[in-house]
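So the chains spell out like this:
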Amino acid sequence: MERYKVIKEVGNGTFGSVWRALNKQTGEVVAIKQMKKKYYSWEECINLREVKSLRKMNHPNIVKLKEVIREHDILYFVFEYMECNLYQLMKDRGKLFSEAEVKNWCFQVFQGLAYMHQRGFFHRDLKPENLLVSKDIIKIADFGLAREINSQPPYTEYVSTRWYRAPEVLLQSPTYGPAVDMWAMGAIMSELLTLRPLFPGASEADEIYKICSVIGSPTVSVWAEGLELASVINYQFPQVAGVHLSALVPSASDDAIDLITSLCSWDPCKRPTASEALQHPFFQSCFYVPPSLRPKTALAKTPPSAGSRIPLEQRSGRRYSGTLPSVKPMNNSPKPRAPLHAGVQRKLEMNSQDDPKYVKNTVKPQPRYRPPIKNAPIANQIGKTPGACVSDTVEKLGNLAIGCGKLPAKRQQPPPPMKAGGWHGQSDLFIGRSQEILPGRTFTRKVAG
């Protein structure tokens, strides 16, 4: 820790405090999280959920863990520094955010969630305080309650802050998944548009009542499993009709209302995934979604054509120019000091070998069948006896069969137009673009249309 100079405390929570600090060697400003609990072994440190999850993730919309330090049985996490969180922005806000600003932030968060969920983790504690902002860049932080999707239930009853807690968690379901993050995003999105929480419950029971008063009480056809969970804990839902969200969020567009409504569905199975949310019409004016973050159905139904790639690429460059590099710059990054970070880099390099572009470039074009009789010279058959013609024909057909076997060797290389502008030459433009943000580049506040 002697390499860092502490500037001031910027936060204090249940598990520890956060300090703004300066790296004396590089001059970089960082955020250092000091844990209150004592840790007496290194194995205990690296098995923490926050460490295990962040080791496996490297995304421009997920806060970067730079270093883990243990000194005198005190554990320190060194993160990249962000200026503030969404709660601070909303608390000091004199007027509503524009829908363009909300769209920009939510689009980035959904990209981070899609990346996280695809790698087997869900956050469980999404709230405005855990979404960090610097200029127009927003990042998901505080993975202290993160959980692996494939981990064994039962899960913890208390997870996220009550106002953003999904109904299945409020009803003490022993199993839940990434859909709890999507519910939280629906509540956060509404709060960004109104500067007021959507479900401000004073207790667990009051929280369920607030939810019912907004989206209506669940029925067997809406969420049968929820009614079963309620009966297990002897809870009876209040019979409330609910209201249309447009009455509570009057400044929101129809697409925004539709997205919030789907995110705040009683049934977790009916909520869109993060990948599906990125395809919602609300984000239609946003830039190109990387293929790796698209739902499989969208990839199958809407393959990009040669004519559509150019404007999408131009929109991407105009909106997030230079912020999402391909795989190569990651391999040239300086070698990290901490062994933890080195493990992350090795994992990413191994993942890059599974990139579809490596598979695509190895597919060889199949030779077209050409009937041998079309290539047989006719002039040499004139004036010969039928027997001689037959024997010559058999011999030449045998030679032609050998010649046809050599044809694919001449067709190994793709035709010149494919080298210049074909799909193989451009497949890496978007596949690796969501991996990392290049330093010194920022988002623009304007949402591209």
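Higher on the page you've got the structure.
First, a word on scope: everything that follows refers to the structure included in this document. All values reported here derive from a predicted model rather than from experimental measurement.

In this section: the overall build of the chain. For the chain, the helix and strand inventory stands at 20 helices and 10 strands. Residues counted as buried form 45% of the 449 residues belonging to the chain. Once local pairs closer than 6 in sequence are excluded, the contacts in the chain between residues at least 24 apart make up 69%. Here the chain has roughly 23,400 Å² of accessible surface; of this, 56% comes from carbon and sulfur atoms.

Across all of its chains, the model carries 11 salt bridges by this definition. For Glu 28, the salt bridge goes to Lys 66, with nearest N and O atoms at 3.0 Å. With Glu 28 in the loop between strand S2 (16–23) and strand S3 (29–38) and Lys 66 in strand S4 (residues 65–71), this pair connects stretches of sequence that are 38 residues apart. For the salt bridge of Arg 271 with Glu 168, the shortest nitrogen-to-oxygen distance reads 2.8 Å. One end of the pair, Arg 271, is in the loop between helix H10 (254–263) and helix H11 (274–278); the other, Glu 168, is in helix H5 (residues 167–170), with 103 residues separating them in the sequence. The same class applies to Arg 271 and to Glu 168, which are both buried.

On to the packing of aromatic side chains. Both the distance between ring centres and the angle between the ring planes are used here to describe each pair of aromatic rings. Evaluated as defined, the whole model comprises 10 aromatic pairs. Arranged with centres 5.9 Å apart and planes meeting at 75°, the rings of Phe 110 and Phe 283 form a pair that is edge-to-face. Of this pair, Phe 110 sits in helix H4 (residues 99–118) while Phe 283 sits in the loop between H11 and helix H12 (296–301); the two residues are 173 residues apart in sequence, bridging distant segments of the chain. The buried category is assigned to Phe 283, whose relative accessible area is 3%. On the basis of an interplanar angle of 85° and a centroid distance of 6.1 Å, the ring pair of Phe 122 and Tyr 176 is categorised as edge-to-face. With Phe 122 in strand S7 (residues 121–122) and Tyr 176 in the loop between H5 and helix H6 (179–194), this residue pair connects regions lying 54 residues apart in the sequence. Residue classification places Phe 122 among the buried residues on the basis of a relative accessible area of 0%. Joined through ring pairs, the aromatic side chains of Phe 107, Phe 110, Phe 282 and Phe 283 make up one cluster. One Lys or Arg, Lys 103, reaches over the ring of Phe 282 and ends 5.1 Å from the middle of that ring.

So, about the environment of Glu 71. Turning to its location among the elements, Glu 71 is positioned in strand S4. Overall, the relative accessible area of 25% leaves Glu 71 in the partly exposed class. Taking the C-alpha atoms as reference points, Glu 71 and Met 1, 70 residues apart in sequence, are found 7.8 Å from one another. What Glu 71 contacts, discounting residues up to four positions off in sequence, is Met 1, Glu 2 and Tyr 76.

Reading the values: the criteria
- Residues numbered from 1 in each chain as written.
- Predicted model: local features only at pLDDT ≥ 70, side-chain atom pairs only at ≥ 80, totals over all residues.
- Heavy atoms only, no water.
- Helix = DSSP H or I, 4+ residues; strand = E, 2+ residues; numbered from the N terminus.
- Buried < 20%, exposed > 50% of the residue type's maximum accessible area, 1.4 Å probe, protein only.
- Contact = heavy atoms within 4.5 Å.
- Areas by Shrake-Rupley, 256 points an atom, 1.4 Å probe, with all protein chains shown as cover.
- Salt bridge = Lys/Arg side-chain N within 4 Å of Asp/Glu carboxyl O.
- Phe/Tyr/Trp six-rings, centres within 6.5 Å; stacked < 30°, edge-to-face > 60°.
- Lys NZ or Arg CZ within 6 Å of the ring centre and 35° of its normal.

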